[in-house]
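# Overview (structure and organization)
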Amino acid sequence: MLTLYPYQKEGAQELVKRRCVLLADEMGLGKTVQGAVAIKSLFDQKAIERVLIVCPGPLTRNWIIEIKKWTNIKPVLYEGLDRHGLLFGSAKILVSSIETLTNDLLISTKNGQKYCDIGVDLVLLDEAQRIKGFSALRSLVMSKILSARRWAFSGTPLENRPTELAAILRFLVPNEVGIEENEIDQAKLLKLRDLFMIRRTRKSVNLALPPKIRINKVIGLSPSQCSEYVAEIQSIKNILKNTNKTPLSNNAIVSSLNELRRICLISKNEESSKCDLLEEEIEEVCESGKVVIFTSYPNLVYPSLAKKLKKNGCVLFTGNMTNEEKSISHNKFLNDNNTRVMLASLKAAGVGITWTVASFVYHLDVWWNPQASLQAEDRVYRIGQNKPVTVKQLACGDTIEETILKLQETKKEIFDIVIQNDEELIPSALSAVLEPIFT
């Protein structure tokens, strides 16, 4: 028999009551389940006839599974060469990737009608932070979908700056938030947040999860990595000296910084102090439990690492795998006791997956956004976990990774102020933190 936690029942009831809502429960509290239960209730009440669920591509099949589990309605996946007819078809619940739908909604039908003119009774945008910034194409397109009810789900509605929260609120209430980024009123944004956002944390719902132990382990670069790093730093300095003659683009700056991050993970001749450390520790870790290892550079590091960890029962979960291949790896990790190691891409496995069979997590590189890392590790630390979880962040000392760790603390503070509403963290006043970001 399917059961809900009390807070999930309350969440589903709130969704049913509201036409526009941002469900921002902390990661791992079961937003998908609450959405599926609320949708069933609305159909039972005959309050809706048609639903459009929009989510990142890797999550479409997870939504199909959850809808089937919690309702008696067969959802339809929006994909394939003949998918366009589904927008005007009879499917009660249509599930689409945000990437596919964004492209299709820009196309005109044969009679000149825009696909975005389709009318649905409810549009649900899952992982709503994926619509990106306020002026991003996804954000603009999603806000134009015609629907009387608009729900947005996100455990991290703010990843880098408050304008991301503004983009989600514009999706919910398009006429209440300015069209341009510089039109956003800070006070109004916070008022809309209070009006439309529901957020519960594990602590607030008394969800009894075992402890999560976080360890930041700072190590040195290998000789090869050190030589590459010093050379890249000098190259960047030389480029910066010539910026008066040739202005440096943002893309060039980001590319240079990411090259430094890559070197901290692995050198061109495949030396890696982090992988060496992992090899030393993995035997002991695997004796105690299963482990998930994350990186944002899977193609660079996993081919060689998979060979080294093969004897520990190692599987891959990356963005260049097919859905079928991912499913095979996922099921093997869950069900085969001899498969102890999951090598996962931070982006491919960052949302919509449950790996509570594991009790250890490694982050091989330091990602710019702390919320993305938290989302990834909460594939392990979520409902169903009954063991303490150890999360180990590997970082190279005296490198860009230490700088990023400091940047993460600043971003976390902004998130706690704007989303958690934790005023104790405000250094002087809210505006002192927010104004530099808006201007």
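In short, a report on the structure.

Parameters at a glance
- Residues numbered from 1 in each chain as written.
- Predicted model: local features only at pLDDT ≥ 70, side-chain atom pairs only at ≥ 80, totals over all residues.
- Heavy atoms only, no water.
- Helix = DSSP H or I, 4+ residues; strand = E, 2+ residues; numbered from the N terminus.
- Buried < 20%, exposed > 50% of the residue type's maximum accessible area, 1.4 Å probe, protein only.
- Contact = heavy atoms within 4.5 Å.
- Areas by Shrake-Rupley, 256 points an atom, 1.4 Å probe, with all protein chains shown as cover.
- Disulfide = S-S within 2.5 Å.
- Pairing = 2+ DSSP bridges.
- Axes fitted to C-alpha atoms, helices over the stretch in contact; angles between N-to-C directions.

## Topic: the overall build of the chain
Within the chain, the secondary structure is distributed over 15 helices and 13 strands. When the 439 residues of the chain are sorted by exposure, 54% land in the buried category. For the chain, the share of sequence-separated contacts (at least 6 apart) that also reach a separation of at least 24 residues comes to 77%. Carbon and sulfur atoms form 51% of the exposed surface of the chain, whose accessible area is close to 20500 Å².

## Comments concerning unusual backbone geometry
One non-glycine residue, Lys-46, adopts positive backbone phi at about 60°. Locating Lys-46 in the fold gives a position in the loop between α2 (31-44) and β2 (51-55). You can call Lys-46 exposed: its relative accessible area is 73%. Of note in the backbone geometry, Glu-127 takes a positive phi value of approximately 50° without being a glycine.

## Comments concerning the state of the cysteines
On inspection of all chains with the given rule, the structure shows zero disulfides. Cys-396 provides the cysteine sulfur closest to Cys-264, a residue in no disulfide bond, and the two sulfurs are 4.7 Å apart. Not engaged in a disulfide, the cysteine Cys-286 finds its nearest cysteine sulfur in Cys-314; these two sulfurs lie 9.0 Å apart.

## Some points on the sheet that holds strand β10 (residues 314-317)
In space, the six strands of this open sheet follow the order β8-β13-β12-β9-β11-β10, with parallel pairing throughout. Bordering the open sheet on either side are β8 (212-219) and β10, each of which pairs with just one other strand. Strand after strand, the sheet turns through a mean of 20° between neighbouring axes, direction not considered. Across eight bridges, β8 lies against strand β13 (residues 389-396) in parallel orientation. Note on β13: the bridge partner recorded for Val-218 is Ala-395. The sheet strands contacting helix α12 (residues 323-335) are β9 (290-295), β10, β11 (341-345) and β12 (358-363), and the helix crosses β10 at an angle near 140°.

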